[in-house]
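Report on the structure
Take a look at the letters that make up each chain.
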Amino acid sequence: MTPLLQVRGITKFYGARLGCRDVGFDLYPGEVMGIVGESGSGKTTLLGCLAGQIAPDAGEVLFDTRADGPRDTLTMSEPERRMLSRTDWAFVHQHARDGLRMGVSAGGNVGERLMAVGARHYGEIRGQAADWLGRVEIPDDRIDDRPTAFSGGMQQRLQIARNLVTGPRLVFMDEPTGGLDVSVQARLLDLLRGLVREMGLSAIIVTHDLAVVRLLADRLMVMKDGHVVESGLTDQVLDDPQHGYTQLLVSSVLQV
Amino acid sequence: MIELDDVSKTFTLHNQGGAVIPVMQGAGLRVARGECVALTGKSGAGKSTLMRMIYGNYLAASGRIMVGDVDVAAATPRDMLDLRRHTLGYVSQFLRVVPRVPTLEVVAEPLLALGHARDAALERAGTLLARLNIPERLWQLSPTTFSGGEQQRVNIARGFAHAYPALLLDEPTASLDAMNRETVLCLVEEAKAGGAAIVGIFHDESARHRVCDREIDVSGFTPGLS
């Protein structure tokens, strides 16, 4: 089976300062990979490089496109990459307002992404938007409300609906449960797991929350100072960490 | 089905002066289809450690751990995920689930992950929960709110939902009453009859004698004990 994503030697410097260095991995269809590390470890930089938002200094990101098989998204033309990010890719931001249009209704937020890929029939767009709002448990009667009138958890679920409505194959998530109440987090985790399973999605999740990756990610990469210090099965890395930094990270978690 | 050869394990504590602690050496084991082998030895001898190594939860320092035709000691994460989905089941002592997911879904999840039809998966889950005496009114609640004994039974139901060809059981009968203990032992016997190779830890001696064909004392693999 061809990996959905093949990442090789991704390196990014900000001037003299290192963002991330020589990161590589394969991600297969249906796999969820977590990336953990403390603030400044380079995980968000890496995610930006993978999702085409930051241009790395070196490396390649081969995505298995529907039409032409694996292609390096870093050397693609800008319109091609934009098309990918509207169709096969989705990006869930930590702050919902970075991924939503705050001045547009909830239904409009979901519908807009459909229109970007060519949907034109108003009734169908609204119907699909309503269906997706239902799937992320946003009540019917809120479809015409703006996200500014939503709670943080609802905004985050709306962002997920907006991203998944076009049936992407790869979802990038940056701290998707960060800043949410634990009860809301649990509901979101359940939602994400169900969607990953039902839609056969692959996902890359950046977080500093080890409990979140344990429940959501099949595989785990641990980053420190721009380098990947350890990777493997999520439960193996968390239960039998090999690197000193991972051992410190795991032993520092507060138990509840 | 499960074959271990010369398996060893060390823990290196990087944050405690790099202390290297050897915990297992020269471990060997063979379990055929339809056979149940008990791991014995006193607390701390390494029964759970060995079991976790077979599951790929702990990394082996050396040796071969064959489950079917996959060497767990050398497998890629992708191969391990596939092995765990289809071939190798594990009933641990603790239930770890996404909060707020209904019990019925928790138990059906291994089947859903294998692509079974939702109705059939939920029906199988319901049958197991009923056999393990989890009242139907609890099925739509999350097991995180259940008592310890109930959680353990949910864990067992989940572990037996799919007929894994290889199965690891860590104290499946601990803290169960007589009736539920009997059900669990029946499930183990049924799995054996279905051709599963089972490695188990049973402190309950009579349970061990009833379902296990052989015993392996892991003290023989503990450095400094043998």
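Everything numeric here is computed off the predicted structure, so don't read it as measured data. (Residues numbered from 1 in each chain as written. Chains lettered and ligands numbered in written order. Predicted model: local features only at pLDDT ≥ 70, side-chain atom pairs only at ≥ 80, totals over all residues. Heavy atoms only, no water.)

1. Some words on the overall build of chain B
Looking only at helices and strands, chain B features 7 helices and 9 strands. Taken against the 2.2 N^0.38 rule, which gives 17 Å for 226 residues, the C-alpha radius of gyration of chain B at 18 Å falls within 12% of a compact globule. By principal-axis analysis of the C-alpha atoms, chain B measures approximately 50 × 40 × 35 Å. Going through the 226 residues of chain B one by one, you find that 52% of them count as buried. When the accessible surface of chain B is summed, it comes to about 9,900 Å², and 50% of that surface belongs to carbon and sulfur atoms. (Helix = DSSP H or I, 4+ residues; strand = E, 2+ residues; numbered from the N terminus. Rg over C-alpha atoms; globule rule 2.2 N^0.38 Å. Buried < 20%, exposed > 50% of the residue type's maximum accessible area, 1.4 Å probe, protein only. Areas by Shrake-Rupley, 256 points an atom, 1.4 Å probe, with all protein chains shown as cover.)

2. Points about the sheet that holds strand β4 (residues 62-67) of chain B
Residues and elements named next belong to chain B. Strand order in the open sheet made by the 4 strands is β2-β1-β4-β5, with antiparallel pairing throughout. For this open sheet the edge positions go to β2 (19-31) and β5 (70-71), each flanked by a neighbour on one side alone. As defined by bridge partners, strand β1 (residues 2-13) adjoins β2 across 9 bridges and the pair is classed as antiparallel. Residue I2 lies in a different strand from β2, and its bridge partner there is V31. (Pairing = 2+ DSSP bridges.)

3. Re the environment of A:V212
All names here are of chain A. Among the structural elements, V212 can be located in helix α8 (residues 210-216). Residues V212 and Q185 lie 27 residues apart in sequence; the distance between their C-alpha atoms is 8.8 Å. Dropping the residues within four chain positions of it, V212 is found in contact with T177, Q185, L189 and A217. (Contact = heavy atoms within 4.5 Å.)

4. Observations concerning helix α5 (residues 148-161) of chain B
All names here are of chain B. The first and last C-alpha atoms of α5 sit 20 Å apart over 14 residues, in line with the 20 Å expected at 1.5 Å per residue. For α5, the tally of buried residues reaches 12 of 14 residues, placing the bulk of the element in the interior. Residues of α5 that are buried include every one of G149, E150, Q151, Q152, R153, V154, N155, I156, A157, G159, F160 and A161, and no others. (Expected span 1.5 Å × (residues − 1).)

5. Things to note about the confidence of the model for chain A
Taken over all residues, the pLDDT of chain A has a mean of 90, while the share at 70 or more is 99%. The secondary-structure element of chain A with the lowest mean pLDDT is helix α7 (residues 182-199) of chain A, recorded at 78, while strand β1 (residues 5-14) of chain A shows the highest, at 96. (pLDDT = per-residue confidence, 0-100.)

6. Some points on unusual backbone geometry
Where the residue is not glycine, phi is negative for most of them; where a peptide bond is considered, it is trans in most cases. Residues and elements named next belong to chain A. A positive phi is found at E175, a non-glycine position, where the angle reads about 45°. Looking at the element boundaries, E175 is found in the loop between β7 (170-174) and α7. The phi torsion at D225 lies on the positive side, around 50°, for a residue other than glycine. Relative to the assigned elements, D225 resides in the loop between β9 (219-224) and β10 (227-233). Given a relative accessible area of 49%, D225 falls into the partly exposed group.

7. Here's the deal with the interface of chain B and chain A
Across the boundary between the two partners, chain B contributes 26 residues, which contact 26 residues of chain A. Each partner contributes to the roughly 2,200 Å² buried at the junction of chain B and chain A, and carbon and sulfur atoms together form 54% of this total. Three residues stand out in chain B for area buried against chain A, namely B:R78, B:V98 and B:R100, and they jointly supply 26% of the buried area on that side. Across the contact surface, chain B and chain A share 4 salt bridges. In this structure, A:D235 engages B:R84 in a salt bridge whose closest nitrogen and oxygen atoms are separated by 2.7 Å. With 5 residues, the top contributor of residues to the side of chain B that touches chain A is helix α2 (residues 77-86) of chain B. (Buried area = accessible area lost by both parts, 1.4 Å probe. Salt bridge = Lys/Arg side-chain N within 4 Å of Asp/Glu carboxyl O.)

8. As for the packing of aromatic side chains
Applying the stated rule across the entire model yields 5 aromatic pairs over all chains. Three or more aromatic residues joined by ring pairs form one cluster here, namely A:F63, A:W89, A:F91 and A:F172. The ring of B:F11 carries the charged tip of B:K9 above its face, separated from the ring centre by 4.7 Å. (Phe/Tyr/Trp six-rings, centres within 6.5 Å; stacked < 30°, edge-to-face > 60°. Lys NZ or Arg CZ within 6 Å of the ring centre and 35° of its normal.)

9. Concerning the packing of helix α6 (residues 152-164) of chain A against α7(A)
Residues and elements named next belong to chain A. Between α6 and α7, whose axes approach to 10 Å, the crossing angle comes to 10°. Compared by their axis directions, α6 and α7 come out roughly parallel. Crossing of α6 against α7: the hand is right-handed. Taken together, the residues of α7 that come into contact with α6 (itself represented by G153, Q156, R157, I160 and L164) are V184, R187, L188, L191, L192, L195 and M199. Its residues assigned to classes, the contact of α6 with α7 comprises 8 nonpolar, 2 polar and 2 charged. (Axes fitted to C-alpha atoms, helices over the stretch in contact; angles between N-to-C directions. Parallel < 35°, antiparallel > 145°, perpendicular 65-115°, else oblique. Left-handed = near helix turned anticlockwise from the far one by under 90°. Nonpolar A, V, L, I, M, F, W, Y, C, P; charged D, E, K, R; others polar.)

10. Concerning the sheet that holds strand β6 (residues 88-91) of chain B
All names here are of chain B. Strand order in the open sheet formed by 5 strands is β6-β7-β8-β3-β9, with parallel pairing between adjacent strands. The open sheet has two free edges, formed respectively by β6 and β9 (214-217), since each of these has just one partner strand. Pairs of neighbouring strands in the sheet enclose a mean axial angle of 20°, with direction left out of account. Here 4 bridges tie strand β3 (residues 36-40) to β9, and the two strands are oriented parallel to one another. In the sheet register, V37 faces β9, and the bridge partner there is R214.

11. Concerning the side chain of B:D170
Residues and elements named next belong to chain B. Residue position: D170 is located in strand β7 (residues 166-170). Look at D170: it is buried, it has no salt bridge, and the nearest opposite charge is R52 at 5.9 Å. Within the local environment of D170, its side chain forms a polar contact with the side chain of S48, the two groups lying 3.4 Å apart. If we ignore the near neighbours within four places in the chain, the residues touching D170 are S48, M51, Y90, V91, S92, Q93 and I201. (Lys, Arg positive; Asp, Glu negative; His and termini not counted. Polar contact = N/O pair within 3.5 Å; in protein donor to acceptor, adjacent residues only side chain to side chain.)

12. Examining the side chain of A:T246
Residues and elements named next belong to chain A. Mapped onto the elements of the fold, T246 is located in helix α10 (residues 244-251). At 2.8 Å, the side chain of T246 forms a polar contact with the side chain of E230. Once residues within four sequence positions are removed from consideration, T246 is found in contact with V222, V229, E230, V237 and P241.

13. Some thoughts on the pairing of β9(A)
Residue and element names in this part refer to chain A. In terms of burial, β9 is largely enclosed, as 5 of its 6 residues are buried. By the bridge criterion, 4 bridges tie strand β3 (residues 32-36) to β9 in an arrangement that is parallel. Each residue of the ladder has a partner; that of G34, found in β9, is L220. Direction of pairing for β9 relative to β10: antiparallel, over a ladder of 6 bridges. Following the sheet pairing, K224 is matched in β10 by H227. Connecting β9 to the antiparallel partner β10 that follows it, the hairpin turn spans 2 residues, and D225 within it adopts a positive phi of roughly 50°.

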